[in-house]
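# Structural description and commentary
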Amino acid sequence: LTVPFLAKKDAPVTVGTLKPGYEEVLSVMRENFVHGWEPEGCNFAAYVDGELVVDLWGGYADKSCGRLWDAETLATFFSCSKALTAVTLAMQADRGRLRYTDTIDRYWPEFAQNGKQEITVLQALQHQAGLQYLRHEDDTVAALGHEFLCNTELMDKLVQIQKPIFTPGKVSIYHALTFGWILDGLMRRVDEKGRSVGEFLKEEIVAAHGLEDVFIGGTQEVEYRIARIRSHTRSNRMVLMEWMCDMAAISATAPIFYSPKSIFRKEIKNVNGAKDFELANHPGTRKVGQPAANGVGNARNLAKVLDLFEAGKLCSRSILDKLREPTIVGKYDPVLGSRVHKGHGFCYTKSPLGDWQYGHLGVGGQNLRTDTKRRITFAYITNGMKAGQGEHTRTMKRLEAALYRSYQKVDKRPIDAHSVTELVIEDFNGNQKEDCTTIVVT
């Protein structure tokens, strides 16, 4: 399926790494650009058993000035940051600095105010704290300015005076932003050096394991390399094309995004509405870091963090075994607009071969996942925001399908015919759209 007004005759895609046998992934990425589904830029990287097999990028880092996406480009990966936060807290749990079952006020006494004394670390990680958005003392939603958002002391005090919107532990409703403010405050109190999530990530994972270019805060020296976000709301025709290809999912999320009464709209009002995601382009907020929403990096290093984690190089196998499957299975989340599997700070999906993956989705199509059976880890990041998220990000799903098909050919293990089926999408005239065919688990 081609997007006529965005289609191109050719779309150069740069190969950083491409192991023989994975050429189909390159072809699919080119098709995503040629057929108009990637109007800006993107980066896709994948590891198999710790080996980098794919690292591709293409398009624009900033289309407004003609800056191309290159080997040095970084991008905001939004809520994939939550997976990194979950990894850092798992490491602290493994070191005995916290326990998932402990209440947060054990480490942060001031947090207990206004009925929050029973909220546990695990509940905060699993979006069960009942603190979906921050409010003033008169219960109005707090619309916070840049200076406030960049002051951790002020943010801590605001978190401390909150009272739950929903009964803690009863329901899991996505905490798009408060996830980061709560858990960063917790991290700074349990860490032996008082480090934030971003500082812990930098020192204990990135530097300690020879990585680079993964940040939650501290981006001031790399600002010139960061891609500029362009919202999907700036191209209603693009949203329409996504809707035609995935009507049910886009129709379900549209009211959540646009209705002023939705929980999601109240959540993003905390960052003053974040119109068209423009706050993600602000260097000041990236400098401070928000562990729920504004991590920055490239796909290669982002995926490597999760690959190291799944390999047992960041924490013990006993901790990993607790995290590799969801604890909340298939519950509808009114913020995400779908049934979501969650646990210990991660979101879980099934791979094209039917096995659990954990990681996290991010708004606009960002994705970070690792396969618990085959140790296939990949990351997809883009500055051209998509309306479809997670399993409904068409460009990412096509790349994932090509990755797994290539893996099967290289590994020479046949796909179990009973574990997958074709989902055929038809247009309004009943004609099959071959480019919309995906693999889904039965």
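What comes next concerns the included structure. Small disclaimer: the values here were computed from a predicted structure and weren't measured.

Per the secondary structure count, the protein includes 14 helices and 15 strands. Of all 442 residues assigned to the protein, the portion counted as buried reaches 58%. Taking contacts inside the protein between residues at least 6 apart in sequence as the whole, the part at least 24 apart equals 68%. A total of about 18,000 Å² of accessible surface is found on the protein, and carbon and sulfur atoms cover 50% of it.

Enumeration over the complete set of coordinates arrives at 7 aromatic pairs. Ring geometry for Phe-346 versus Tyr-358: centroids 5.0 Å apart, planes at 65°, classification edge-to-face. Here the residue Phe-346 occupies a position in strand S10 (residues 346-350), and Tyr-358 occupies one in strand S11 (residues 356-361), the gap between them amounting to 12 residues. In this structure, Lys-350 is placed above the aromatic ring of Trp-356, and the distance from its NZ or CZ to the ring centre is 4.6 Å.

For the rest of this paragraph, the subject is the pairing of strand S13 (residues 376-382). Counting buried positions over the 7 residues of S13 gives 7, a clear majority of the element. Bridge analysis of strand S2 (residues 41-48) against S13 gives 7 bridges, and the strand direction is antiparallel. Residue Ala-45 lies in a different strand from S13, and its bridge partner there is Ala-379. One ladder, built from 4 bridges, connects strand S12 (residues 367-371) with S13; its direction is antiparallel. By the bridge assignment for S13, Thr-370 is matched with Thr-377. The antiparallel pairing of S12 with S13 creates a hairpin that spans 4 residues between the two strands, and Arg-375 there sits at a positive phi of about 50°.

The packing of two helices is summarised by the inter-axis angle and the distance between the axes. Following both chains from N to C, one finds helix H1 (residues 23-34) and helix H14 (residues 394-411) inclined at 165°, their axes separated by 8 Å at the closest point. Taken together, H1 and H14 sit at an angle that is classed as roughly antiparallel. Crossing geometry of H1 relative to H14 is assigned as right-handed. Here Glu-24, Val-25, Val-28, Met-29, Glu-31 and Asn-32 of H1 come into contact with H14, specifically with Thr-395, Arg-398, Leu-399, Ala-402, Leu-403, Arg-405, Ser-406 and Lys-409.

Looking now at the pattern of salt bridges. Side-chain pairs of opposite charge can arise where the charged atoms are in close proximity. Inspection of the entire model under this criterion finds 30 salt bridges. A salt bridge links Asp-102 to Arg-106; its shortest N-O distance comes to 3.3 Å. Overall, Asp-102 belongs to the buried group, its relative accessible area being 8%. A relative accessible area of 53% means that Arg-106 is categorised as exposed. With a shortest N-O distance of 3.0 Å, Glu-204 and Arg-195 are connected by a salt bridge. Residue Arg-195 is classed as buried on the basis of its relative accessible area of 4%. Among the charged side chains, a salt-bridge network with shared partners connects Arg-95, Asp-191, Arg-195, Glu-203 and Glu-204.

The next subject is the environment of Leu-52. Note on placement: Leu-52 falls in strand S3 (residues 51-62). In sequence terms Leu-52 and Ala-303 are 251 residues apart; their C-alpha atoms lie 9.6 Å from each other. Discounting chain neighbours no more than four positions away, the residues touching Leu-52 are Thr-17, Ala-45, Ala-46, Tyr-47 and Arg-300.

Now for the sheet that holds strand S6 (residues 214-215). The pairing of strands in a sheet happens through backbone hydrogen bonds and is either parallel or antiparallel. Pairing is antiparallel across the open sheet formed by 3 strands, whose spatial order is S5-S7-S6. Here the strands that pair on one side only, and so sit at the sheet edges, are strand S5 (75-76) and S6. Relative to strand S7 (residues 296-297), S5 runs antiparallel, the two being bridged by 2 bridges. Considered in S7, the bridge of Thr-76 is made with Val-296.

One can find Asp-156 in helix H5 (residues 152-160). Its relative accessible area of 7% is what places Asp-156 among the buried residues. With residues up to four places along the chain from it excluded, the contact list for Asp-156 reads Trp-108, Gly-185, Arg-188 and Arg-189.

The terminal C-alpha atoms of helix H12 (residues 299-310), which comprises 12 residues, lie 17 Å apart, in line with the 16 Å expected from a rise of 1.5 Å per residue. For H12, a buried count of 11 out of 12 residues is recorded, marking the element as mostly surrounded by other parts of the structure. Among all positions in H12, only Ala-299, Asn-301, Leu-302, Ala-303, Lys-304, Val-305, Leu-306, Asp-307, Leu-308, Phe-309 and Glu-310 are buried. Gly-312, located one to two residues past H12, shows a positive phi value of around 80°.

Analysis parameters
- Residues numbered from 1 in each chain as written.
- Predicted model: local features only at pLDDT ≥ 70, side-chain atom pairs only at ≥ 80, totals over all residues.
- Heavy atoms only, no water.
- Helix = DSSP H or I, 4+ residues; strand = E, 2+ residues; numbered from the N terminus.
- Buried < 20%, exposed > 50% of the residue type's maximum accessible area, 1.4 Å probe, protein only.
- Contact = heavy atoms within 4.5 Å.
- Areas by Shrake-Rupley, 256 points an atom, 1.4 Å probe, with all protein chains shown as cover.
- Phe/Tyr/Trp six-rings, centres within 6.5 Å; stacked < 30°, edge-to-face > 60°.
- Lys NZ or Arg CZ within 6 Å of the ring centre and 35° of its normal.
- Pairing = 2+ DSSP bridges.
- Axes fitted to C-alpha atoms, helices over the stretch in contact; angles between N-to-C directions.
- Parallel < 35°, antiparallel > 145°, perpendicular 65-115°, else oblique.
- Left-handed = near helix turned anticlockwise from the far one by under 90°.
- Salt bridge = Lys/Arg side-chain N within 4 Å of Asp/Glu carboxyl O.
- Expected span 1.5 Å × (residues − 1).

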